[in-house]
Structures are given as structure tokens and as C-alpha cells.
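One letter stands for each residue in the lines below.
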Amino acid sequence: MGAWKLACIFRNVLPPEAFEEVGYHLHGSLSQRIIPVSDRFCLKKILPHWLHYSRALSGAEAINALRPFYFAVHPDFFGQHPREREINENSLKRLSVYLENLQKPGFKSLKPTQLTFYIREKTAQHSSEGQEPSSTSGFRAVRFTLHTSDLLSTVLYILNSCSLSAEHIQSLNTNVHSQPLKETTGMPGRPIKWHRSYYSFTGFKDPDEDLEQVSRVETTLMSWLGSNGKSAVKKLKNSLPLRKELDRLKSELSELLQLSDIRWQRGWGVAHRCSQLHSLSRLAQQSLEPLQNAKGCTIVFTDRSGMSALGHVMLGTMDVHHHWTRLFESLPNYFDLQRRMSVLEDQISSLLGGIQVVYIEELQPEFTIDEYYSLLNVFYNQLLKSRVPSHPQGLSGLQMILSSDRYEPTLHELGHFNIPALSDPAGLQSFMRAKARQARENMTRREELKVIENELIQASTKKFSLEKLYKEPSISSRQMVDCCKRLLGQSLPYLHGMRLCVSHFYSVMQDGDLCIPWDWKKGEATK
């Protein structure tokens, strides 16, 4: 391939000074011919060897190229860490939207998108820019801002930001109609920097300027709603027919199977949820009798089938009807295990002075009832072996949750004790007795805060005529109260008829739900 053709291909990849470095000068704009001044150098000296015959990635190829990244951040690997799991889920949603927009024909430019991921790794590594050191839990936080304009550069940027190899992209990106150049030297040690005069002359948008603006200007609630309100209204309007279909299916199935509720563990879109209910409805038409075992239960669509620690029937969305049928047929056995689990919890309570053993879904890992029963059994045997003296009803009215980690017992701000299953029983009792008064005070504040939270949610929903106001599980009552109090002091006509979710970031979801951070900023954006 001639140098002129290479220059045309990479005119949007390399800055003007790159052409000068390899022996060419630009005359006028890039639309004019590049005049060679020396044959001593060639473009291959400053490009990775596989990029010389690269082509645009397809959407499927981009997903395939990101497989190492998805494997490192997949929420299913963070079952023991609910907060990190939720952050990864939310960031993956926003990344998916970004990748989809890149593939839309005729898109001009995307706003810089800031993302945070927790990366799994086997051993601690040295942190690089934008990364935090590995925690004792085996993961590290990575923060980066996407400001790329094509799938290939986006994939490379993500992999590089997460310190993941990009060598496998060569095989995905080879153009079979082009001949590779000879072995090359690879990228220079310095990052390629475009000169500002280039953007001034050509009128192209400077991505670095967008990044600088993001760092200088803090997004405010009013400015964000003004920029995104119309698109949210359009998405919400388009989702209304499916939302009605979802409500109909949920109501019919709940009545047919006499269910307590139907829920979803993930933030799946309305179309995805309808598809799952249609699947369950077809199963009910084909084989109703096994499904009637779920009478009075809550069905939760999630990643795996079974029964949760709370007694909910879990339907794995990747499982086929045969797996679901077997689960419904085995529910009587699960109910028996549920009764034995309750007895075990009562026995633990009796040994620990009347404290109640609870499972808090928002704060604990996802346990199946089998896993949770095993955890309770380990803890119960620890107590029996220690033969510590019991203190009848000394801790009555208090609560504890059981965890599988090996850390020290702690008292949560919500008033419950967080107890590792392998705790030393003698030291555990001393700790809980010493903290009992503070635990009762925390529980009282929790109940008071919950009442205030509900009142503020109702007041905010009424004032702004919201379709729904809700929060993500990782948002505490204290954060929700603070958010609603400040919302009530604003005039926000953009929210009329909308669905508002209080979260940790700004986002418009695929079905029109508006996500705002609980600590949103008011007023005009300031530099």
C-alpha cells in the first residue's frame, strides 16, 4: 500500500506532526494532497504493525474483543460484594448505550462518558493512572472517561485503561484483502497529541477539549435535565405499550399461580421482562400442575434457578423450561429445608441471648437457601463447640446478619451486627454485649429515618407529578432523605410524568427512566 493511501486512511487517527515525523508535510487542509519530502521514513515506524491493515470493527467483533474485560468485571463474580456488583452492573449498562450509539448511522459526536469498574484479579498489581490498588477482596477500582468516536479506538481504550492485553484484536481486525506490511517497531513512547490549531483550521471537534470541559464544569441537575429530558420523554412514550403488556402479564400470572409477587433481580428493560413473563406463561399452559407448588411464593427472575435465602423462587433466565419445571417440582423439598433453616436460626438466637438472625437482601451476597443453610450450620456448630455461657434474652430485640468473610464482627450504622461465621464465640458475645446499647439507638434512628424517607418520597412524587420515584438498593435511607429534601426545594417541570431513579450517576435508561445521583448539584455549572 502506498504512503498516500495510508495517509488517507489515518488522517483521522494521526495529528499533522505525525506526517512530518515520517517525512511528509501537510499543505492546506487534509483534503488536499500530501506532498512527499523524503523517502527515508514511512508510516509503519510509528504505528502498531496490525493497525496498518486495520478496518472498522463490527458490533459483534467489538463485543468479542472485549471478552477479557467482560470476564474481569462481570457482576456474577462479585456475589460476595453487593456494592461493587451493582456499580459494575450500572457501568456496563452505560457502556452498552455508548457502544450502541457509536454504531448508529450518522452520529456526530458523543459526550464524554465517565465509568467506574471493579476489576477482578488473582494477585495484587501495581496501580496505574486512574486505578486504585487492589483490595484484600481481590479486585481493584478503575475509573476512566470514554471520548472515542469509533468501536476500535473505544475497545483499545477500555482494555488499556484496565491494563488488559489488546493483542487478540489483531486477529479480529485483519483485512483479508490487504497485505500486511513488514515487521514494525510499534507505538512511540510518547502519546500522540493533536495541536489545537489543527482543530481551529479544520473545524473538527477536539476530544481533549471535551475532557477538559468535563473536569472543569460540574454537571448540574437543571442542565442535565434540560439536555436529556426530551430523549427520556421519547423513550418513555415508546415503552408505554410494553409497560402495559408487562402489567397485564404480571397480573395474569400472579392470579393464575396465586403468587405473592413477581420481581427481577437485574435492571433488565421492559421488553426483556415481557419476554421472560411470556416464557413463564407458555410453561404454565403446557404444564400447570408443577407451577402450582409456588402458591404464595415470590418469583424472582435472576441468573440461576433455585430458592433464595429469603424463600423466593429463583428462575434463571438462561435456563430452559425443563430446568424450570424440575425446580417447581422440587419446591416441597425446598420448603422442608426452609423450615429446618428457621429452626436453626432460633437455636442460634437462643445461644446468643435472644438476638434475631436476619437476612438483609440489599446488604448481603446472593445466597441460595442451600448455601445459607450451610453457613448457618457452620456458625451453629462453632457455638456448640465453644460451650460459652448463654445470657438469656440479654440481646433480645437486636438483629445480626451472618457473613462468610473472615473479618472481625462489626456494628452497622443501621443497628444490626455483621457477624462472620467463623467468629470466636467468646469474643463475639463480649463484643455484642458491649455494643448492645448503641445498636438499639441505631435501630431506633433507622426506623425514624425510614418513616421520614417514605414521607419525602410521597411528597416529591406528588409535587413533581412523577409516575414513579424509587432508588437503587445501594442508596441508603439517609442519602435518599437528603436527595428528596433538596428536590422539594426546586422547580423541575422536566420531571412531570417521568419515572425517576435516585442512583450514583446521571443516565437515561433504555425505557425512559431518569437516573440522577443522590448528591446532585444545583445551580448553574461553574468553572
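Quick caveat: nothing in here was measured; it's all calculated off a predicted structure. (Residues numbered from 1 in each chain as written. Predicted model: local features only at pLDDT ≥ 70, side-chain atom pairs only at ≥ 80, totals over all residues. Heavy atoms only, no water.)

### A word on the overall build of the chain
Secondary structure assignment for the chain yields 17 helices and 16 strands. Burial statistics for the chain: of 527 residues in total, 43% are counted as buried. The long-range fraction of contacts in the chain, counting pairs at least 24 apart against all pairs at least 6 apart in sequence, stands at 67%. Only carbon and sulfur atoms are counted for the fraction: they give 52% of the accessible area of the chain, which is about 28600 Å². (Helix = DSSP H or I, 4+ residues; strand = E, 2+ residues; numbered from the N terminus. Buried < 20%, exposed > 50% of the residue type's maximum accessible area, 1.4 Å probe, protein only. Contact = heavy atoms within 4.5 Å. Areas by Shrake-Rupley, 256 points an atom, 1.4 Å probe, with all protein chains shown as cover.)

### What about the sheet that holds strand β14 (residues 499–503)?
Spatially, β13-β14-β16-β15 is the arrangement adopted by the 4 strands of the open sheet, whose pairing is mixed. On the outer flanks of this sheet lie β13 (468–471) and β15 (507–508), each paired with one strand and no other. Here β14 runs beside strand β16 (residues 514–517); their pairing, made up of 4 bridges, is parallel. Considered in β16, the bridge of leucine 500 is made with leucine 514. Contacts from helix α17 (residues 477–488) reach β13, β14 and β16 within the one sheet, and its direction differs from that of β13 by about 145°. (Pairing = 2+ DSSP bridges. Axes fitted to C-alpha atoms, helices over the stretch in contact; angles between N-to-C directions.)

### Looking at the confidence of the model for the chain
Model confidence for the chain is summarised by a mean pLDDT of 78, while 73% of its residues fall at 70 or above. Contacts of residues 123–136 to residues separated by more than four positions or lying in other chains number 25 contacts, the stretch itself having pLDDT below 50. A low-confidence stretch, residues 173–192 stays under pLDDT 50, and its non-local contacts, those more than four residues away or across chains, total 37 contacts. (pLDDT = per-residue confidence, 0-100.)

### Section: the packing of aromatic side chains
Overall, the coordinates contain 11 aromatic pairs when judged by the stated rule. Note on phenylalanine 117 and phenylalanine 144: the rings are 6.1 Å apart at their centroids and 25° apart in plane angle, and the pair reads as stacked. Placement of the pair is phenylalanine 117 in strand β3 (residues 113–120) and phenylalanine 144 in strand β4 (residues 139–146), with a sequence separation of 27 residues. Taken together, Phe69, Tyr70, Phe117, Phe144 and Tyr157 form an aromatic cluster joined through their ring pairs. Across the ring face of tyrosine 373, the terminal group of arginine 340 is positioned such that the distance to the ring centre comes to 5.4 Å. (Phe/Tyr/Trp six-rings, centres within 6.5 Å; stacked < 30°, edge-to-face > 60°. Lys NZ or Arg CZ within 6 Å of the ring centre and 35° of its normal.)

### Points about the packing of helix α16 (residues 425–463) against α17
Packed helices, taken two at a time, are described by their axes: the angle between them and the distance between them. Two elements in contact, α16 and α17, have axes separated by 9 Å at closest approach and are oriented at 35°. Along this stretch, α16 crosses α17, giving a crossing that reads as left-handed. The segment α16 lies against α17, with Leu449, Lys450, Ile452, Glu453, Leu456, Ile457, Ala459, Ser460 and Lys463 engaging Ser477, Arg478, Met480, Val481, Cys484, Lys485 and Leu488. (Left-handed = near helix turned anticlockwise from the far one by under 90°.)

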